[in-house]
Amino acid sequence: AGGGGGGGGMEEYEEDGEEKRDALLGDIFNILDQKHRGFISRVELAHILDAMTADTSVTFAVPEPLVPTENMKDSRVTVTDLRNFLEGMSAGDLEDVKWFAESVVKVETELREVWRQAVQRWRERVEGLYNRNLHRYLLTSQPERVSRWLLLRTSMDEVNKDDSSIGLLGLGISQQEVEVLFTDETADDINRCSDKIEPFMTALELRGQLSEACVDGDASQRSTPEQDTKICELLTKIADLAERCREHTCLLIHEDTLSYVTALVRSRSFGQSVVAACSSLIMALLNYRVHENARDYEKLCRHKVAEYLELEYDVSSYNVNIERRRLNGTEVQPGRESLVEKQRGLPQEQLTIADWVGSLLTLRVDFDRGEMLDVLIKYDEKRLLVESEGGERKSEDSPIATSLFSWGRVVMYLLSRLDVSSHHSFHEHRTPMRTHLWKFLLNVLSSVGERGRLLFRAGEGMRVICNVIRGSAWGAEREEVTPEEEQDREEEEELYHSAQNNWGLQDPYHSWPYVESFEGDQYEHRYYTMDFLDDKFYGSKDRMLAAAFLEYMSSDAMWGQETLVEEMMQYENTLQVLCRVRPPGCLLMKMLLSSPRFPEYLHSVAASVASAYVDRSMRMLCSPDATCHSFFPVCYDFEDDAYVAALGSFKKQLVQVETKNVELRILAHAHHSLQACLQEERSMRESDNDKNNSARSMDPDEPLDEATQLEEEITDCCKLIASRLALRLDELGDVAVAIYMEVKDFTRKSLLAVNQLPPVNPDERQKARGLE
């Protein structure tokens, strides 16, 4: 009986142990099956048991099916499978397994929550950019797998201007999609990805703050010094971000930063510190040349840069007078109203690099204007220098990049500022700055080729150069008055002198009438004295550089002689200027006179001058409002076809006769000017020899000195001019006889005019007065 009772106790103990084991196995299974899927991971269970064996106090052995191996494959483990795997473990061992599993799951849960927070943080940042179509600029900053995931959600449209694109097959950035993306990544890895997005968010935030700061307060007035300081800080921070990374630059360009910052400069409502900071930001954004290396998903960014640089600008649409007014800000609204309209999203003209450069070249303060011009020159020179000199080229053999200023209207704007023949409010007055403008222009055109020549021609570059070369050497002084007042004075002067049958030259010294062609009623070169006040201290370096500019362009590496001559022929007074300046442009004249097209060019110039002369003469005869008697009565019917044809035929014949006359006058004027220069040079040499009291003979083997070389060049030019005379021997004799008769008649009248004999009668007295 005792033995039977003892046996029953053992059975009950064993049953209690089995129940406890079953309960522990169930607890272990439930702990590991957090998602209540009805199974647990075999690999996870194996790793838990393997980790427990690292503790020396653990005495059980890991079942063979759960021993981790290199090629171990994961499989589902049910409750039954778990019971079979762990049947050899005691209840104490199972309690240890349960405790360890609870610890592991607790740690995993905490890590899972940290992981979820990291995923949410990354998603929120990307979503902020995704909603504005800016997530495309994150691709290079993220790991390759994340970058591919983002690329699938990026549009590849040509130009997605409305920013409403979605990725392939409607993919998005939902929480579930992001969690699947980062399934195998740790929270630290995800946070590192998020940290790389922070600068993009910062750039976007600073861009928004800039827009708000620029329109703060009364937008109709200039900004205050406090506002300027705040705006400068924002611009500096944005520029730092742009310089740090190309993708930051692309994001800022996508947000229309180039045009907006240009609008800040053009508004003329901010201090010089803001203008300088804006210029630094623009240069930082353009440094990466996105228009040349944009990726497929950066097409919108490339489009904005190309639009800003005016890559597709139609040169034939350039109008000198319209663009001159635009350059000098006559159409700019006062205050910051344009920025307010831009912030509200109202349609506005897209500003370009030409507007930025033009605004810098027309700053009112000389020092500020010169400072920004130096900044532009140094920025453009970086592409010409090697890295050891602070440039962009790897070595001297590296190709030179095309200037960013060589596509649109910048070249024409530079020429407009150099045009000293324009109204005084439209061009640069300081000689040092004109010299730097020539340097800037030469750098820009040095690597452009044929397109640069077209831009140079559109800006009437040859006319500008000739006006700079002659400067104030001859012509009439021009008063500094408004354009309206100047026009009124010209009309008044025309009425007062309409009865005079001459060219109306105010500068008689070596000036010949009927040899140059000018716009409108202008018959001679005019200049402002203030444009050349710096020459006394600085020297006429701008004129020397202008002449050197043409000589440099004649080299084969640039335009070449033939092409340069073609450009020289675009201006009608090229020969007239080059022959009269001191020293004369002999090299350029030789190219021009030697060209096979010179006779055609000379004829067209002479026809233009003759037409202007005939128009003026006919106007005096036909216009009834002149101060002299009109040749035709006031009632002359200009609508009658017969009368109009008769007048037109008469004018045509007159122009033909005068054209041939002007051709001879132009060549004679050039020859006379060169001979006058030759005589001046010889007089100066004789004077120097007298002072030194020594006349040394030159050794034949020694090179010719500068004076002798100049004499030879002038003589060669005179021979070329003589060879271009379109006169036969008999015609030359007729001309000589006509000149002799005119001189003889003039001498007779001069003698009569100075005759002191008293007149015989009052009628003779009146004749004498008229003759005098």
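Below is a summary of the structure that appears in this document.

As for the environment of V410
Working step 1: For V410, the location among the structural elements is in helix α19 (residues 410–418).
Working step 2: Note on V410: relative accessible area 0%, which makes it buried.
Working step 3: Residues V410 and T352, spaced 58 residues apart in sequence, show a C-alpha to C-alpha distance of 9.7 Å.
Working step 4: For V410, the contacting residues outside a window of four places in its chain are I353, A354, V357 and F405.

Topic: the pattern of salt bridges
Working step 1: Inspection of every chain in the model, using the stated rule, returns 48 salt bridges.
Working step 2: The salt bridge partner of D195 is R121, with a shortest N-O separation of 3.0 Å. Within this pair, whereas D195 is found in helix α7 (residues 187–195), its partner R121 is found in helix α4 (residues 91–130), the two being separated by 74 residues in sequence.
Working step 3: Classification of R121 as partly exposed rests on a relative accessible area of 23%.
Working step 4: Across the pair E247 and R246 runs a salt bridge whose closest N-O atoms are separated by 3.6 Å. Here E247 and R246 have matching classes, each one buried.
Working step 5: Linked through salt bridges whose partners overlap, the residues forming this network are R266, E310, E323, R326, E349, D355 and R409.

Let's talk about the packing of helix α15 (residues 320–327) against α19
Working step 1: At a minimum axis distance of 10 Å, the contact between α15 and α19 shows a crossing angle of 85 degrees. Looking at the two axes, α15 sits roughly perpendicular to α19. Taking contact as the criterion, the partners of E323, R324, R326 and L327 in α15 are, on α19, Y413, S416 and R417.
Working step 2: Of the residues belonging to the contact of α15 with α19, the class tally is two nonpolar, one polar and four charged.

Re a positive patch on the surface
Working step 1: A grouping of K35, R37, R76 and R112 is seen on the molecular surface, where their side chains present a positively charged patch.
Working step 2: Assignment of secondary structure puts R76 in strand β2 (residues 76–77).

Remarks on the packing of aromatic side chains
Working step 1: For the structure on display, the rule yields twelve aromatic pairs.
Working step 2: Ring plane angle 65 degrees and centroid distance 5.3 Å describe the contact between F456 and W559, whose orientation is recorded as edge-to-face. Remark: W559 occurs in the loop between α25 (541–553) and α26 (561–568) and F456 occurs in helix α21 (residues 450–458); sequence separation between them is 103 residues.
Working step 3: According to the relative accessible area criterion, F456 is buried, its value standing at 0%.
Working step 4: With 6.5 Å between their ring centres and 70 degrees between their planes, Y527 and F532 make a pair best called edge-to-face. Taken as a pair, Y527 and F532 share a single burial class, namely buried.
Working step 5: Within the aromatic cluster, the residues linked to one another by ring pairs are W356, Y379, F405 and F440.
Working step 6: Cation over ring: R153 sits above W149, and NZ or CZ is 3.7 Å from the ring centre.
Working step 7: Lying over the aromatic face of Y260, R207 brings its terminal NZ or CZ to 4.6 Å of the ring centre.

Parameters at a glance
- Residues numbered from 1 in each chain as written.
- Predicted model: local features only at pLDDT ≥ 70, side-chain atom pairs only at ≥ 80, totals over all residues.
- Heavy atoms only, no water.
- Helix = DSSP H or I, 4+ residues; strand = E, 2+ residues; numbered from the N terminus.
- Buried < 20%, exposed > 50% of the residue type's maximum accessible area, 1.4 Å probe, protein only.
- Contact = heavy atoms within 4.5 Å.
- Salt bridge = Lys/Arg side-chain N within 4 Å of Asp/Glu carboxyl O.
- Axes fitted to C-alpha atoms, helices over the stretch in contact; angles between N-to-C directions.
- Parallel < 35°, antiparallel > 145°, perpendicular 65-115°, else oblique.
- Nonpolar A, V, L, I, M, F, W, Y, C, P; charged D, E, K, R; others polar.
- Patch = residues over 30% accessible without salt bridge, like charges linked within 9 Å, V, L, I, M, F, W, Y side chains within 5 Å.
- Areas by Shrake-Rupley, 256 points an atom, 1.4 Å probe, with all protein chains shown as cover.
- Lys, Arg positive; Asp, Glu negative; His and termini not counted.
- Charge placed at Lys NZ, Arg CZ, Asp CG, Glu CD.
- Phe/Tyr/Trp six-rings, centres within 6.5 Å; stacked < 30°, edge-to-face > 60°.
- Lys NZ or Arg CZ within 6 Å of the ring centre and 35° of its normal.

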